[in-house]
Structure formats: structure tokens, C-alpha cells
Amino acid sequence: MKPFWALSRAILRGFVRDRTSVFFAVVFPLMFLVLFGGLFSDQSVGKVDMIVVGDASLVDDLPADARDDFDDTFHVVRSDDLDDALDQVRKGDADVAVEQQGDTLVAHYSQTDPAKAGIVAGTLRALVDGTNIALTGQQPTYDLRVESVEDDSLSTIQYYTPGLLGWAVAMSAAFGAAATLQGWRQSKLLRRLQLAPVSTRSVVGARVSVTVSIALVQMAIFIGVGGIFFGLTLTGAWWMAIPLLVVGTLCFMAIGLLAGAITKTQEGAVNAANFLVLPMAFLSGSFFALDDAPQWLQTFSELLPLKHLNDGMLDVMVRGEPWTAALVPMAILAAFALVVTLVAARLFRWDTA
Amino acid sequence: MTAAIEVTDLTMTYGDLRAVDGVTLTVEEGEFVGILGPNGAGKTTLLETIEGLRRPDSGTATVLGLPAWPRNPRLLPRIGVQLQASSFFERLTAREQIHTFAALYGVAAGRADEWLERVGLVEKADARVEDLSGGQAQRLSIACALVHDPELVFLDEPTAALDPQARRNLWDLLTDINESGRTVVLTTHYMDEAEILADRVAVMDHGRILVHATPAALIRRLDAPTRITLADDEVITTREPAAELARLAEAGRLDGVRVQTGTLEDVFLDLTGREYRA
Ligand SMILES: Nc1ncnc2c1ncn2[C@@H]1O[C@H](COP(=O)(O)OP(=O)(O)O)[C@@H](O)[C@H]1O
Ligand SMILES: [Mg+2]
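Criteria and thresholds
Residues numbered from 1 in each chain as written. Chains lettered and ligands numbered in written order. Predicted model: local features only at pLDDT ≥ 70, side-chain atom pairs only at ≥ 80, totals over all residues. Heavy atoms only, no water. Helix = DSSP H or I, 4+ residues; strand = E, 2+ residues; numbered from the N terminus. Buried < 20%, exposed > 50% of the residue type's maximum accessible area, 1.4 Å probe, protein only. Contact = heavy atoms within 4.5 Å. Polar contact = N/O pair within 3.5 Å; in protein donor to acceptor, adjacent residues only side chain to side chain. Buried area = accessible area lost by both parts, 1.4 Å probe. Salt bridge = Lys/Arg side-chain N within 4 Å of Asp/Glu carboxyl O. Nonpolar A, V, L, I, M, F, W, Y, C, P; charged D, E, K, R; others polar. Patch = residues over 30% accessible without salt bridge, like charges linked within 9 Å, V, L, I, M, F, W, Y side chains within 5 Å. Areas by Shrake-Rupley, 256 points an atom, 1.4 Å probe, with all protein chains shown as cover. Pairing = 2+ DSSP bridges. Axes fitted to C-alpha atoms, helices over the stretch in contact; angles between N-to-C directions. Domains from an automatic or database assignment. Near = heavy atom within 4 Å. pLDDT = per-residue confidence, 0-100. Phe/Tyr/Trp six-rings, centres within 6.5 Å; stacked < 30°, edge-to-face > 60°. UniProt positions renumbered as here; feature names shortened; annotations may be inferred. Expected span 1.5 Å × (residues − 1).

Some thoughts on the overall build of chain A
- Looking only at helices and strands, one finds 14 helices and 5 strands in chain A.
- Taken over 353 residues, chain A has a buried fraction of 52%.
- Sequence separation of 24 or more characterises 77% of the internal contacts of chain A that already satisfy a separation of 6 or more.

This is how it looks when you write it as C-alpha cells:
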């Protein structure tokens, strides 16, 4: 056990003393969290611009107390032209257009601003439910149909924390593995360790343990910052994000190993890892939701391990899914890790020449 | 008594290149052997194969009575290896570095500190390895190779890129190590280094060991005449230097005399037919 701890300590010290690595593992992703969380939550303080198309008795005949709430939230403009109203919503001039079709209130809104979209959906639903109860005290008369397939319940911070965390962990795991493999190979430290009475298990185990620990610290920081400053609320089985993150870390370490195995310099390895992880982050919903992306892109994203990590984390951390929701993503990530490690092992060379 | 190293007909190839070509070599216990050759001669490849890092294409290497290949965890604690001055964990201090290596060999931290003192790095103990000078890094690297008190030590060009003063300091250290009973195998492309340090020198070129003998024997074998330069710059070339010097003594002309026998450089020229260029 002594060699394992000595190696772990050496690797951890090397990491915390490397400002660039710490910056990209913690500070950089956190900047995005603050940016997204701060930017969009600021906007949501303003009133929501609503266009009411035609007659909407549900809106017009609100009881007095509901009326006050409604006016606090919405700034209402009237229109008779549905197409024009939809156009304004699309352009961002208005946030939502509502029309009443019989007993159904139809809300057309844009997901460009997820925070406002969440407010629209939430408020209107409350309004309809409230009206139903006020009118009859029994069977609902009115029904709200929200025409969006997205997670209307998720506010900005709820959506971005898991995704940005997934990206941060993917990045630091892949960079860590790629840079270690290349650096140790170049300096012949890898060879030197081979000549010390240490098992490969201890060496690999130490490197993996350090990266997994870093990932868990990243998670703690993200949840802490999200919770304290931006009102992040975790749902029931959020703790399943821990094993999920561990498997995700292994998967991205394998990708880093691959990057390290196919390149000849440390810079090359880090660039290759970046080349694999950064586009993947875009295509896996770390920076924006993919629901409006073309279908082929959404299908393609299913091939990316980060997509499954992000989805699994969203499910258990903020969507309130049961713990079992993390199992399939974990299995997919583990399979990825295994296959990529085998490929990297085949391509691995002891010498760079 | 078994030899410290027995290499028989060892061959290592990189594609078409025979980096080590049928080498046979024996190193006795307690010996200091220098493997001398120009860059690209195959010294590193030979050393790494003997250490057990590479699988021989043919032939065998036995170290301390045990086969070098495959990696034998029982053999490893008995050998000490310096591969390259930069084989360090990144961003650790000199002390953390040697403590880490000590832990890998199950050696107490106190012993590691003693080694820092021995190689004169106490003042630099808290400096990061990246901030050490070339000589300091070499000494740390050697200390890390010796921290577990191995019987057999391999050093690959330990004095490359050092200034003359640092080289001399390192020579003293290596002589000490050898005198404390350890077998030392060192590669070098410096003639003077091999001549001064090594009990026996193996001259290597193009993957082959051309000769393996004491420096004195190599030069004697060369059968080159001795050049005696007198104070007035007169040069006498002779095959009987003893008689010639006696004659000069009688004539009272010994003051300021310089005697030059052949050098390893001449040996190399004689063996390969070309000038030695490191
Ligand atoms: N990993 C390698 N792949 C291919 N050729 C190599 C490799 N390592 C060394 N060589 C070649 O093998 C020969 C011997 O190299 P080396 O053992 O490093 O010599 P030395 O240590 O004496 O300078 C050189 O021609 C070198 O270019
Ligand atoms: Mg060499």
C-alpha cells in the first residue's frame, strides 16, 4: 500500500501545483456556470412580454387576486394576428404568445431563454389550475397545453450545473491522463517506474484515484456554488451522480490515454484530448440544450459518451428521476471506457521515437 | 561466485537497424565498467536490455544470477538505475522526489534525507526539480537510483551536459559508490571519463563491443610508440621509454619533460579506422 500512497501523493501534488490544470479543471468551467447562471437569472427578473391573440376569456376574466399575480409577471400586448405574434416570439421581441382554443389555453413560447420559458410554463400552469379550482371546485374545465417538448420545469442553473460539471470532469480526466502518459513517457519516468518494485496496479490505481478525487471535488464545488449563489436544488437521487461521475471519469481517462498513445509530445496529447472533448461538450448539451437541434445531430449525439454522462446527471440531479435512471448511462460509459482502453493499449508505445 | 552481469550473444533490432549486434559481456561483482562509444553506438539500448526493459531479439542477459527478461520483481530491489536526468515526477521538490522513490522501495524517509546530504543537495531540498541545474538534477537522479542501496548500479551518460567542475564532483561520487562495494556500469562518450573511472572499458561502435579490457591494457595492446617532449620542444619517439628516460636523466635533461603514451582515442582509431567523434 505504501507505494500506492506515495504515488498518489506525488501525482496530486503535481496537479495542485500546476496552475493551468487547476484553472481548466475548476476555475474555467466555474466561470461558465457563473456566466450562464448569472446572466439568465438576471433576465428572468424582468417581466415576461406576452401577446394575447384574439379573445382569451381565461386571461381576461381572472379573479382579482390572480389578476395581481398575473400583472406582476406578465406585460400584456393584444393582437389579432397569430402569425405576426409567433414571429415576434421567434425574434425574441416577445416571450410568449397565448391564444385560447375553446377551453384550452395554448402558449407559444421560445426556448432561447430557458429561464423565461420556465416562468411562462410554470405561471400559466398555476393560473389554469387555479382557475379550474376557483370555477368548479371539482372537475377541471380549462386545460393548459404547453407546446414545447423541453424541460419546462428546469431553470437555468438546474439545467447547466450537471452539464457543465460533466464537461469539467471530462476535460480534467482526459487532460490528466493524456498529459501524464506523455510526460512520463518523455521523461522515461514510466520506464523508471517499471524498474522499481511497484505493480502496474499501484501505478494505474494511484493515477485513477487522484483523478476520481479531483472529479468529486469538482462536483462538490459546482453543487456548492450552484446551491449558495444561484438557488440550485438537487432532487431525490442526486447521490447517484457520484458513481456516475466515477464511471464517467474512467471513460474520459481512457479517452485521454488514447490521445496520449496516438501523439508524440505532451502538447500534442493535450491538444488531441481537447480536440476530442470540446466538440463533444457542444454536441452533448453541456452548453445548450439539443432539443432544437436537427434530428441527425441528436441521433449523432447518442454516440458520444459525454451525452450519456450529462443525461444521467440531469436525470438524477435535477429531474427527480429515480436512482435507477443512472444505471444505463453508467453501463454505456463503462463499455466506452473498456473499448477505448483496449484500443489505447494496442496503440501504446513505450518509446516516443 | 557468479558474475554481476552475464550477457551472451545479445541482439536488439529496431526494424532493419541492429542497435545491439551480438554482444557478449561479463561484469564481475564490485567492478566499475565503462561502456564507451560515440552517439548512436547502441549503449543505451544495450543497457536497457540488460536492465530488463527490453526483450532481447536473441541472446540472453543474466543479472545477479537471474534472467533480466521478463521483469522480475525480486531482482528490481537489487539494482539501481539512472535512465535520464529528467526521469522525475513533475513539480515535486528534490526532497519529495527522493522520498517518493524511497517509498516505492520501502525505504525510510530518513535514509532518503541522508542521500540528499551525500550528493550535496540539502540546500536545494525544497527547490522543485524543474528549477535544479543540470548537475544538481544529475546528482538527484543518481541519489534516487541509489536510495535503496542496490548491489548493482546502471548509469546512462550521467555526466553528459555537465560543466567540468560538476563532472569532477560527480566522478568523486561515483568512485565512492564503487569503493563501497557496489558494481557500477556506466555509459559515456567521453574518453577521459572512461579512462579515469573504469576498471575495465568496453569500446562500442555500431552495436558491437570491439574490445573489453582495462584502459592500460587497451593502450598497451595498441603498440603505439611513446612520445617524449623535452623542455626545448625536441620530440623523441621511442618504443623503449624506460631506457630513453634513464638516458635523459643521466644527461640531466629531465626537467620539464612530458611523456605521452597512446590514448583511448588512438585505440578507437586503431579499432575502427576512423577518428573518434563523440
Ligand atoms: N526507439 C528507437 N526506435 C528506433 N531506433 C532507435 C530507437 N532507439 C535508438 N534507436 C537507434 O538505435 C541506435 C542505437 O541507439 P542508442 O542505443 O540510443 O545509442 P547510444 O545510447 O549509444 O547513443 C541509434 O542508431 C538510434 O538511432
Ligand atoms: Mg544513449
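Now that the structure has been shown, we can carry on.
Section: the side chain of Thr263 of chain A
Residue and element names in this part refer to chain A.
- Turning to its location among the elements, Thr263 is positioned in the loop between helix H10 (241-262) and helix H11 (266-283).
- A polar contact is formed between the side chain of Thr263 and the backbone oxygen of Ala259, at a distance of 2.7 Å.
- When near neighbours in sequence (up to four residues on either side) are disregarded, Thr263 contacts Gln182, Arg185, Gly268, Ala269 and Ala272.

Here's the deal with the interface of chain B and chain A
- With 30 residues of chain B at the interface, the matching set in chain A holds 24 residues.
- The junction of chain B with chain A conceals about 2,700 Å² of combined surface from both sides, 57% of it contributed by carbon and sulfur atoms.
- Linking chain B to chain A there are 4 salt bridges.
- When the shortest N-O distance is used, the salt bridge between Lys188 of chain A and Glu48 of chain B registers 2.4 Å.
- Here chain B is connected to chain A by 15 residue pairs in polar contact (both at pLDDT 80 or more).
- Elements represented by at least two residues in the side of chain B that touches chain A include exactly helix H1 (43-51), helix H2 (94-104) and helix H4 (134-146) of chain B.
- Tallied by class, residues from the side of chain B that touches chain A come to 16 nonpolar, 6 polar and 8 charged.

A closer look at a nonpolar patch on the surface
Residues and elements named next belong to chain A.
- Taken together, the side chains of Leu216, Trp238, Trp239, Ile242, Trp323 and Leu327 define a hydrophobic patch exposed on the protein surface, amounting to about 540 Å² of accessible area.
- Its location among the elements puts Leu216 in helix H9 (residues 200-230).
- Among the residues examined, Leu216 registers a relative accessible area of 32% and is labelled partly exposed.

Let's talk about the sheet that holds strand S4 (residues 58-63) of chain B
Residue and element names in this part refer to chain B.
- If you walk across this open sheet you meet the 4 strands as S2-S1-S4-S5, and the pairing is antiparallel. Each edge of the open sheet is held by one strand with a lone partner, namely strand S2 (17-27) and strand S5 (66-67).
- In this fold H1 packs onto strand S1 (5-14), S2 and S4, with an angle of close to 120° to the strand it touches most, S1.

Examining the sheet that holds strand S10 (residues 208-213) of chain B
All names here are of chain B.
- Strand order in the open sheet made by the 6 strands is S6-S7-S8-S3-S9-S10, with mixed pairing throughout. Lying at the two open borders of the sheet, with one neighbouring strand each, are strand S6 (79-82) and S10. Strand-to-strand, the axes of this sheet are offset by a mean angle of 15°, without reference to chain direction.
- Pairing analysis gives 5 bridges linking strand S9 (residues 200-205) to S10, with the strands arranged antiparallel. Residue Met204 lies in a different strand from S10, and its bridge partner there is Ile209.
- Running at roughly 160° to S6, H4 makes contact with S6 and strand S7 (152-156) of the sheet.

Section: the domain arrangement of chain A
- For chain A, the assigned domains are domain 1 (7-41 + 155-347) and domain 2 (48-136).
- Between the C-alpha centres of domain 1 of chain A and domain 2 of chain A the distance comes to 41 Å.

Focus on the site of ligand 1
- Near ligand 1, the surroundings consist of 13 residues, among which Gly40, Gly42, Lys43, Thr44 and Thr45 of chain B are the closest.
- Among the chains of the assembly, those with residues near ligand 1 are chains A and B.
- For ligand 1, the protein covers 67% of the area, taking 560 Å² as the surface of the free molecule.
- Of all the elements in the fold, those that place two or more residues in the shell around ligand 1 are S2 and H1 of chain B.
- Per-element accounting of the shell around ligand 1 gives the leading share, 3 residues, to H1 of chain B.
- Classifying every residue of the shell around ligand 1 gives 6 nonpolar, 5 polar and 2 charged.

Some thoughts on the confidence of the model for chain A
- On average, residues of chain A score 85 in pLDDT, and 90% of them reach the 70 mark or higher.
- Note that residues 145-153 of chain A has pLDDT below 50 and, in this model, 19 contacts with residues that lie over four places away or in other chains.

As for the pairing of S2 of chain B
Residues and elements named next belong to chain B.
- Taken together, the 8 bridges between S1 and S2 define a ladder with antiparallel strand orientation. Of the residues in S2, the one forming a bridge with Thr13 is Arg18.
- Linking two consecutive strands that pair antiparallel, namely S1 and S2, is a turn of 2 residues; a positive phi of about 60° is found at Gly15 within it.

What about the packing of aromatic side chains?
All names here are of chain A.
- Summed over all chains, the structure comprises 16 aromatic pairs over all chains.
- Ring geometry for Phe23 against Phe28: centres 5.8 Å apart, planes inclined by 35°, an arrangement best described as tilted.
- Residue classification places Phe23 among the partly exposed residues on the basis of a relative accessible area of 31%.
- Plain terms: the ring middles of Phe24 and Phe28 are 5.3 Å apart, the flat faces sit at 70° to each other, and that makes the pair edge-to-face. With Phe24 and Phe28 both in helix H2 (residues 19-43) and 4 residues apart, this pair spans about one turn of that helix.
- Judged by relative accessible area, Phe24 falls into the partly exposed class, the value being 31%.
- One aromatic cluster in this structure is built from Phe23, Phe24, Phe28, Phe32, Phe36, Tyr159, Tyr160, Trp167, Phe282, Phe287 and Phe288.

Some remarks on the UniProt feature "transmembrane region" (unreviewed entry) in chain A
Residue and element names in this part refer to chain A.
- Mapped onto this numbering, the UniProt entry gives "transmembrane region" (unreviewed entry) at residues 21-40, 164-184, 204-232, 238-260, 272-290 and 323-348.
- Helix makes up 63% of residues 272-290 and strand makes up 0%, while its end C-alpha atoms are separated by 25 Å.
- As annotated, residues 323-348 has a helix share of 81% and a strand share of 0%, and its two end C-alpha atoms lie 37 Å apart.

Here we look at unusual backbone geometry
All names here are of chain B.
- Trp69 connects to Pro70 through a cis peptide bond whose omega is -5°.
- Within the element layout of this structure, Pro70 appears in the loop between S5 and S6.
- Backbone geometry places Leu64, a non-glycine residue, at a positive phi of 50°.

Brief notes about the pairing of strand S12 (residues 235-238) of chain B
All names here are of chain B.
- Taking every second residue as pointing to the same face, the buried face of S12 carries Ile236 and Thr238, while none of Val235 and Thr237 on the other face is buried.
- Looking at chain direction, strand S11 (residues 226-229) and S12 are connected through 4 bridges and run antiparallel. Note on S12: the bridge partner recorded for Arg227 is Thr237.
- Hairpin connection, S11 to S12: the antiparallel pair is bridged by 5 residues, and Asp233 has positive phi, about 70°.

Considering H11 of chain A
All names here are of chain A.
- The terminal C-alpha atoms of H11 lie 26 Å apart, and with 18 residues this matches the ideal 26 Å at 1.5 Å per residue to within 8%.
- Looking at the buried side of H11, the elements it contacts are helix H7 (156-186), H10 and helix H13 (305-317).
- A positive backbone phi angle near 80° is found at Gly285, which sits one or two residues after H11.

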